[in-house]
Amino acid sequence: MQITGQQLADILEGRLVGDPDVLVSEPCKIEDGKPGGITFLANTKYEAYIYDTKASVVMVSEDFVPDKKVKATLIYVSNVYASLSTLLGKFNTKISLHEGIASTAVIDVTAKIDAGASIDDYVIIKPGVSIGKNSKIYGHVFIGDHVTVGENVRIFPGVRIYHNCVIGNNCVIHANTVIGSDGFGFAPVNEGQYDKIPQTGNVVIEDDVEVGSNTVIDRATLGSTIICKGVKLDNLIQIGHNVVVGSNTVIAAQTGVAGSTRIGSNCLIGGQVGFKGHIDIADGTMIQAQSGVSNSIRHKETKLYGSPAIEFQNYLKSYVYFKNFPDIVQQIRNLELEVNRLKLVSDNMK
Amino acid sequence: MQITGQQLADILEGRLVGDPDVLVSEPCKIEDGKPGGITFLANTKYEAYIYDTKASVVMVSEDFVPDKKVKATLIYVSNVYASLSTLLGKFNTKISLHEGIASTAVIDVTAKIDAGASIDDYVIIKPGVSIGKNSKIYGHVFIGDHVTVGENVRIFPGVRIYHNCVIGNNCVIHANTVIGSDGFGFAPVNEGQYDKIPQTGNVVIEDDVEVGSNTVIDRATLGSTIICKGVKLDNLIQIGHNVVVGSNTVIAAQTGVAGSTRIGSNCLIGGQVGFKGHIDIADGTMIQAQSGVSNSIRHKETKLYGSPAIEFQNYLKSYVYFKNFPDIVQQIRNLELEVNRLKLVSDNMK
Amino acid sequence: MQITGQQLADILEGRLVGDPDVLVSEPCKIEDGKPGGITFLANTKYEAYIYDTKASVVMVSEDFVPDKKVKATLIYVSNVYASLSTLLGKFNTKISLHEGIASTAVIDVTAKIDAGASIDDYVIIKPGVSIGKNSKIYGHVFIGDHVTVGENVRIFPGVRIYHNCVIGNNCVIHANTVIGSDGFGFAPVNEGQYDKIPQTGNVVIEDDVEVGSNTVIDRATLGSTIICKGVKLDNLIQIGHNVVVGSNTVIAAQTGVAGSTRIGSNCLIGGQVGFKGHIDIADGTMIQAQSGVSNSIRHKETKLYGSPAIEFQNYLKSYVYFKNFPDIVQQIRNLELEVNRLKLVSDNMK
């Protein structure tokens with residue numbers, strides 16, 4: 001794709017300063033700019049790069065005032081990140097797949113595939129499945145019995161969806177993620193052995209959810225594990241049985257949520273966080289990476305850190321002292337010496 | 001499936017109080033009960049729900065005495081959790097698969113597939129493999145050369161088993177788990193580079209083991225990585241080369257065990273725990289989530305917490321002081337002031 | 001494979017003491033030795049085993065002097081571990097795959113597959129892909145549009161490579177790993193919702209890289225996520241968008257690196273470590289398992305531990321005091337009592 005600077009400025013509803021006819025063929029980073037590239041300056045930390053970049057066009061904020069001469073053509077926009085997103089969407093390439101249904105897909109006759117959906121090679125679709133309009137099912141995907149997939153969904157290669165799960169509209173599920181495998185439930189029986197508790201529930205993923213690669217969302221023992229509207233899950237996340245993740249909550253990679261925990265809406269959860277089972281987390285909770293959350297959080301917008309997690313600022317304060325622990329212990333020893341000396345003096349005075 | 005309350009009571013060997021002819025069609029949670037639902041009350045924390053639930057039938061413990069009138073039909077049983085497990089098994093649905101061998105499965109002529117086994121679409125089975133009676137191999141599974149799979153095993157979509165591994169009877173392996181990939185062994189050579197140490201061993205999974213989704217169990221460098229009888233592994237777990245996990249040990253999600261570590265029998269290991277390599281963990285050890293175990297544990301039934309892990313109660317005690325560290329430091333400062341004042345007084349007295 | 005002790009000694013350029021005609025058929029561990037087995041003694045901790053092992057041959061270091069009579073035939077070598085590696089390579093078995101291209105592989109007509117490459121069953125290869133000489137693509141692998149795979153590469157079952165990614169020569173990628181899925185980038189919009197930032201970059205994996213199973217390496221938003229020459233990544237690792245991992249760095253299982261972080265060369269990184277985004281880690285940094293690295297590390301060969309990570313020895317020192325925190329608090333209380341007593345004496349004296 002090639003496009004002129006002026007055409008881009010029109011698309012971005014921006015104001016061009018420089019060469020309106022300059023040709024742009026790909027987005028690039030400001031520090032790795034090359035002719036034909038379009039890049040952006042949003043964080044003033046990177047301002048130095050704009051004077052030297054070899055990129056042909058740079059998007060800048062309306063209030064940007066250059067200190068020196070800029071060689072590149074500039075496009076002034078009101079929100080650089082929003083414009084960047086629009087721009088990247090323009091240049092985005094995708095994995096191709098068969099229009100319609102690939103001849104190698106194995107689809108049960110009772111499955112309902114919308115005429116506008118695409119099913120790629122070696123997909124397996126079991127009885128009673130329904131796939132909505134414009135949804136794209138990439139190669140090697142497995143969809144179990146009676147799963148419902150909404151409209152405009154993209155399911156990437158190797159995703160496995162167990163029976164009876166529900167995927168809403170506009171969802172994206174990345175490669176090799178597993179949805180609806182059995183929750184981890186075993187009842188102790190004789191002599192230290194365990195019996196499996198059948199997991200008869202399902203997983204419900206509401207609209208506008210994105211799930212990363214190699215993530216696992218277990219089915220409920222009874223009822224549903226629920227990922228609410230607008231949630232974003234990163235890679236390698238573990239969601240236990242009967243968990244509820246509230247709408248628009250964002251969870252970074254490698255975090256794990258144990259069974260029956262309910263996470264509120266609009267939470268921001270770092271990577272490698274662990275949640276105990278059967279707790280409730282208030283809306284808007286922010287949790288630092290690697291924290292271990294072992295109690296319910298009742299107040300909205302609490303910030304947490306530590307394992308077990310405590311209030312964020314308190315953890316940081318305590319950790320400063322932890323780092324200075326040898327000095328603190330030395331202070332205590334010095335005090336002991338001083339006190340012993342005073343005692344001697346005092347005893348002598350008696 | 002529809003069944004009457006009395007039929008259920010007979011199956012569960014329980015005593016029915018209420019309407020023996022009430023029809024039940026699905027299990028449900030007590031707080032989300034609906035007509036036709038059967039639910040249970042095991043934890044008295046949930047007792048309030050039993051008086052309002054819309055479920056048609058509730059299983060309760062023999063010693064349950066209602067405070068108020070209960071509308072639902074009750075089935076009194078001796079062990080609510082055991083009865084629940086029986087009940088869920090009755091209502092459990094499964095992913096369907098081909099009876100016998102799907103025509104799209106690619107099976108080497110030297111593989112021995114028991115006549116009672118089922119092999120679904122797009123399974124690949126390499127030379128010398130053997131699959132036992134009643135085992136079910138779901139779609140997209142890959143089984144490498146000379147792998148042995150026992151009887152009554154279920155291997156879910158996308159599982160990869162490398163060559164020479166052994167899977168016992170009655171095992172369940174969930175989707176996209178990898179068994180027998182190379183252990184992480186590299187020998188430093190010149191200039192900071194590494195040479196791969198070939199991994200010539202295998203993985204042996206004994207009978208009655210369940211493994212979650214997206215878990216990895218690496219093959220041994222020499223000999224076998226061994227998952228003993230009755231072990232339960234959750235999702236996204238890492239088991240390094242030459243590890244041994246003792247019988248009936250339960251490990252929660254995202255835990256990692258480094259190479260050559262031996263974990264005893266009947267251990268209970270939380271999520272996101274890390275084990276150093278080449279250590280021995282005694283039988284019955286209980287380890288809190290997110291702990292880091294860096295030394296062998298010699299005493300049975302030790303409880304651990306922390307990174308590095310120490311005795312559970314000791315960690316909690318120390319952590320209480322950690323949380324109060326700013327106050328403790330303030331106490332020390334106050335003491336210093338006091339001691340300085342006393343010194344002045346004392347010096348003045350000399 | 002069967003081979004005599006003398007033939008092995010010749011291969012290993014070692015000196016045989018014992019029976020040159022003894023037959024060896026498999027490598028084994030010294031403590032589990034059996035007739036026909038060859039094993040090794042490298043760590044003197046295991047020396048006791050050499051006098052009793054049933055293995056037929058033991059490789060030992062040139063400076064090994066037995067305390068007692070050894071029944072096994074010995075091969076003296078200059079570097080036991082290097083010889084072990086050679087030996088294991090000799091006995092290593094592999095997963096078999098189709099010579100050339102399996103008839104069930106779905107390969108776009110525009111893909112260029114070298115005549116010496118092997119493509120196994122049910123592989124999907126999209127338009128514009130190129131696969132180099134002697135590369136082996138195992139069953140169920142998915143390779144997206146315009147991916148380049150070098151020479152002598154092995155890609156194990158179920159690996160997913162998204163469009164435009166580049167894999168160098170001599171790389172090994174283990175089962176179910178995902179390369180090039182979307183970076184985790186979302187821009188907040190109205191009412192707590194998020195818009196996806198298109199991820200238009202790719203992943204570049206340089207030569208001689210090994211990647212474990214179920215690992216995820218996300219594509220860059222712009223530009224490339226780069227895994228440099230000679231890097232070794234274990235299983236279940238998360239590499240965020242625009243990360244750079246420097247040459248010959250080794251990362252253990254379940255570690256996560258957030259977006260845009262740059263890790264230097266020759267680093268040694270333990271398991272379950274977390275890296276914050278947008279930081280720089282100096283060459284040769286060594287990081288203890290489970291650490292959380294939240295700041296750039298400027299000095300080479302720094303050793304780190306803790307969450308947030310601090311200098312390794314300092315963490316250990318502070319942790320010793322943490323473990324003794326109850327005693328330390330008791331010391332402070334004792335001091336307070338003593339000071340109060342002194343104050344009383346002092347006040348009485350006034």
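Quantities reported herein were computed from a predicted structural model and do not represent experimental measurements.

Q: Tell me about the relation of the copies chain A and chain C, and name the residues and values.
A: The two copies are related by a screw operation: chain A maps onto chain C through 120° of rotation and 0.0 Å of translation along the axis, at an RMSD of 0.1 Å. One copy is carried onto the other by what is essentially a three-fold rotation axis.

Q: Can you lay out the packing of aromatic side chains for me, pointing to particular residues and giving the numbers?
A: Two numbers describe a pair of aromatic rings. These are the distance of the centres and the angle of the planes. The tally for this structure, following the rule as stated, stands at 42 aromatic pairs over all chains. Ring geometry for C:Tyr46 against C:Tyr49: centres 6.1 Å apart, planes inclined by 25°, an arrangement best described as stacked. The exposure class of C:Tyr49 is partly exposed, given its relative accessible area of 39%. Over the face of the ring belonging to A:Phe312 we find A:Lys303, whose NZ or CZ atom lies 5.6 Å from the ring centre.

Q: An account of a nonpolar patch on the surface is needed here, citing residue identities and associated values.
A: Where nonpolar side chains cluster on the molecular surface, the patch consists of A:Met349, B:Met349 and C:Met349 and spans about 220 Å² of accessible area. Along the chain, B:Met349 turns up in helix α5 (residues 325-349). Residue classification places B:Met349 among the partly exposed residues on the basis of a relative accessible area of 32%.

Q: Please provide a residue-by-residue account of the domain arrangement of chain A, values included.
A: The domain boundaries assigned to chain A delineate domain 1 (3-91) and domain 2 (106-312). Each of domain 1 of chain A and domain 2 of chain A was reduced to a C-alpha centroid, and the two centroids are 38 Å apart.

Q: Tell me about the interface of chain B and chain A, and please be specific about residues and values.
A: The interface of chain B with chain A comprises 62 residues on the first partner and 72 residues on the second. Around 5,400 Å² of area is buried between chain B and chain A when both sides are counted, 63% of it from carbon and sulfur atoms. Across the contact surface, chain B and chain A share 3 salt bridges. The residue A:Glu338 makes a salt bridge to B:Lys343 at a minimum N-O spacing of 3.7 Å. Summed over the shared surface of chain B and chain A, the number is 34 residue pairs in polar contact (both at pLDDT 80 or more). Of all the secondary structure elements, the ones that give two or more residues to the side of chain B that touches chain A are α3 (80-91), β27 (232-233), β30 (250-251), α4 (312-323) and α5 of chain B. If you tally residues by element for the side of chain B that touches chain A, the top one is α5(B), at 12 residues. Tallied by class, the residues present in the side of chain B that touches chain A amount to 30 nonpolar, 20 polar and 12 charged.

Parameters at a glance
- Residues numbered from 1 in each chain as written.
- Chains lettered and ligands numbered in written order.
- Predicted model: local features only at pLDDT ≥ 70, side-chain atom pairs only at ≥ 80, totals over all residues.
- Heavy atoms only, no water.
- Least-squares fit on C-alpha atoms with pLDDT ≥ 70 in both.
- Phe/Tyr/Trp six-rings, centres within 6.5 Å; stacked < 30°, edge-to-face > 60°.
- Buried < 20%, exposed > 50% of the residue type's maximum accessible area, 1.4 Å probe, protein only.
- Lys NZ or Arg CZ within 6 Å of the ring centre and 35° of its normal.
- Patch = residues over 30% accessible without salt bridge, like charges linked within 9 Å, V, L, I, M, F, W, Y side chains within 5 Å.
- Areas by Shrake-Rupley, 256 points an atom, 1.4 Å probe, with all protein chains shown as cover.
- Salt bridge = Lys/Arg side-chain N within 4 Å of Asp/Glu carboxyl O.
- Helix = DSSP H or I, 4+ residues; strand = E, 2+ residues; numbered from the N terminus.
- Domains from an automatic or database assignment.
- Contact = heavy atoms within 4.5 Å.
- Buried area = accessible area lost by both parts, 1.4 Å probe.
- Polar contact = N/O pair within 3.5 Å; in protein donor to acceptor, adjacent residues only side chain to side chain.
- Nonpolar A, V, L, I, M, F, W, Y, C, P; charged D, E, K, R; others polar.

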